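Each chain, written out:
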Amino acid sequence: MKHAAARFLFGVIVAVLWTGVLVLGVVFWGRWEFESSLVNNRFIQARYGGGDWPLTADTQLDPAKLDIAEREKWIGPGKSLQPVPLTAEQQRDRWLARTSYFASLPEPLRYTFARMYRVDVYAADDRGRVINRYPDELAAPGGVPAGEILPEALTALLEADPGVADENPLWVMDPARTGSPPWAIRFQQGQAVHETAFGNASEPATRFLFVPRNVDSPEHSLWDSEYFAMRPYYLEDDPPPGPGQPRGAFISINNVGLRDYDVVLPKPSDVCRVLCVGASTTYEGMHNLLTYPSVVEYLLNRKIGTRRVDVINAGVSGMNSAKHRVKMADYLFLQPDIVVFYLGANDVMHVIYPTMKIWLDGPRQLLSLRPVKRVLWRIVLPDEPEIDSRIRNIQEDLKAVAEGFLARGVQVVFCTFAAPDPDLLTAEERSYLEYCIEREWGGDQCSYAAYYYLLSRYNLGLRQMSDNLGAPCIPVAESVNGGLKWFGDICHMRNPGIEKKARVIAEALEPLVGTCPGGVTLSGAGIPRNGSTGN
């Protein structure tokens, strides 16, 4: 009996030792593979060391061959080559739309609204007592806590009647003119204070008061509000290149803070206006004319044979479904006829995946080992029904935005979100994408296979949503799924990929633009279906 116990104990010790040896071997092998890839992987060297991208593909989007004068002949008629800054009244109307829309947002997104638009929002009763404040933890110095009375100056603004103070610096609009509740606006040092009356049986507050925070963006910054709103008329020549792209890019931001030519407002009556909503994968491109929305506009107008279609690039880096919902009023302000949604990576990696990480410290450390997480990534994630449920919850914001457009007669179009297909990747390409996941996307426990799997479930949710809403869904993921000839990382595209994506979307939009106001019809002229751009 004693010998049996001793043999058992000895076996346990040997097993533990061999397990330790195995773990150390995996650690050292993973470290060696990582260090080796930094030196030998051509894609990593090109991306982070400034070398040439190892793969090439034919594309019409070569910046060196860009004929700006020719391309500008085909920009939409609702755009202007000359600056057309928003008037004071247009800026005021846009803020009115935002403040009215604020009341319809769910409570958590009201805090997001306040942070992103950099305002302190007070929900007050008729006496000026603050019921709630957004955002409570980021209120400006001297802000009024909930339960206290607003200062006399703000209370007077709340009590202003339409027509009482209609001269600078206070304007009060007639609600009959806008169809909105009574509201007031005060300009202070170029910024605005807004108040709109609002009543709801479920809330004691009757009014919202919007007070801008004195937050200045860094000088020479692209951002008016980081990863949400860009600074109008910002210019940058030769910014850091995008993934897999050479240097030499050019960025120009327009009158409404988007990467496009200035938008004419109100929209001309005979124009079909398409709004491309997304994040960095919509914003990206070596030049404003080389982004996918700009290429779609060129293809459609050439196909029609005349300038009839605006395609506006509303992509802003860092946006996700929740922030798009907060920004809905800004999109409606642009008066679109068709809205195209292309988004996915930020929802998957920054919102969905963090909720799915396992919580035990031991397995977490084990799954942080590169060789282990590439093989055992599936145990990090819950069961498929739970994954789909969480994705549907995240996509509720996108659904709310789509339903808002549809309720106003705007055609909604979804696109599945593209990524390199793991089955089409070489070992070197796969190693590069694993490195990107870890370095840039917070993938301490995430492998590329896990990302691609979650993205496939996300795309399934998009297709189901489009079916439920009766909206088209363009199969971009199914059409642009090659390796690093098309992509620069896990989602961003190089020029050949951007062109291919634009052609897929343009072809799908062809029958839809015929339903726009102005009687847009497609002729046989312009871009043939074989992909040639002509002369």
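Everything numeric in this text was worked out from a predicted model, so none of it was measured. (Residues numbered from 1 in each chain as written. Predicted model: local features only at pLDDT ≥ 70, side-chain atom pairs only at ≥ 80, totals over all residues. Heavy atoms only, no water.)

Asks: Hey, could you go over the pattern of salt bridges for me, with residue numbers and the actual values?
Replies: Counting across every chain of the model gives 19 salt bridges. A salt bridge links K79 to D260; the shortest N-O distance between them is 2.9 Å. With a gap of 181 residues between them, K79 in strand β1 (residues 79–80) and D260 in the loop between β11 (250–252) and β12 (262–263) connect regions that are remote in the sequence. Note on D260: relative accessible area 10%, which makes it buried. Across the pair R118 and D224 runs a salt bridge, and its minimum N-O distance is 3.2 Å. One end of the pair, R118, is in the loop between α5 (107–117) and β2 (119–124); the other, D224, is in strand β8 (residues 223–225), and 106 residues separate them in sequence. Judged by relative accessible area, which is 33%, D224 ranks as partly exposed. Salt bridges linked by common partners bring K79, D260 and E297 together as one network. (Salt bridge = Lys/Arg side-chain N within 4 Å of Asp/Glu carboxyl O. Helix = DSSP H or I, 4+ residues; strand = E, 2+ residues; numbered from the N terminus. Buried < 20%, exposed > 50% of the residue type's maximum accessible area, 1.4 Å probe, protein only.)

Asks: Tell me what's going on with the nonpolar core, and back it up with residues and numbers.
Replies: Counting residues in hydrophobic clusters, the biggest one holds 127 residues, and the most contacted among them are I338, F341, F414, Y451 and L509. Here this core takes 11 residues from helix α17 (residues 448–469), the largest share from any one element. F414 has contacts with F341, L398, A402, L462, M465, S466, L469, A471, P472, C473 and I474, leaving out every residue within four places of it along the chain. Counting seven residues, the second largest nonpolar core, distinct from the first, contains L66, A249, Y261 and L289. (Core = buried A, V, L, I, M, F, W, Y, C linked by side-chain atoms within 4.5 Å. Contact = heavy atoms within 4.5 Å.)

Asks: Run through the pairing of strand β14 (residues 309–315), naming residues and quoting values.
Replies: In terms of burial, β14 is a largely internal element, seven of the seven residues being buried. On β14, burial covers both faces: V309, V311, N313 and G315 on one face and D310, I312 and A314 on the other are all buried. In terms of strand pairing, strand β13 (residues 272–278) meets β14 through seven bridges, oriented parallel. When the sheet's bridge partners are listed, R273 is paired in β14 with D310. (Pairing = 2+ DSSP bridges.)

Asks: Lay out the sheet that holds β13 in plain terms, naming residues and giving numbers.
Replies: Read across the open sheet, the five strands follow the order β14-β13-β15-β16-β17; overall the sheet is parallel. Only two strands of the sheet have a single neighbouring strand rather than two, namely β14 and β17 (473–474). Packing against the sheet, helix α9 (residues 292–304) makes contact with β13, β14 and β15 (338–342), and its axis sits at approximately 170° to β14. (Axes fitted to C-alpha atoms, helices over the stretch in contact; angles between N-to-C directions.)

Asks: Describe the packing of aromatic side chains, with residues and values.
Replies: Within the structure shown, the criterion is met by 17 aromatic pairs. Centre to centre, the rings of Y117 and F228 are 5.0 Å apart; their planes meet at 90°, and the pair counts as edge-to-face. You can see Y117 sitting in helix α5 and its partner F228 sitting in the loop between β8 and β9 (229–230), a full 111 residues away along the chain. There is no split in this pair, since Y117 and F228 are both buried. Consider the rings of Y448 and Y451, whose centres lie 5.7 Å apart with planes at 45°: the pair is tilted. Note that Y448 and Y451 are positioned in helix α17 at a spacing of three residues, about one turn of the helix. (Phe/Tyr/Trp six-rings, centres within 6.5 Å; stacked < 30°, edge-to-face > 60°.)

None of the figures reported here should be taken as evidence of function without further support.
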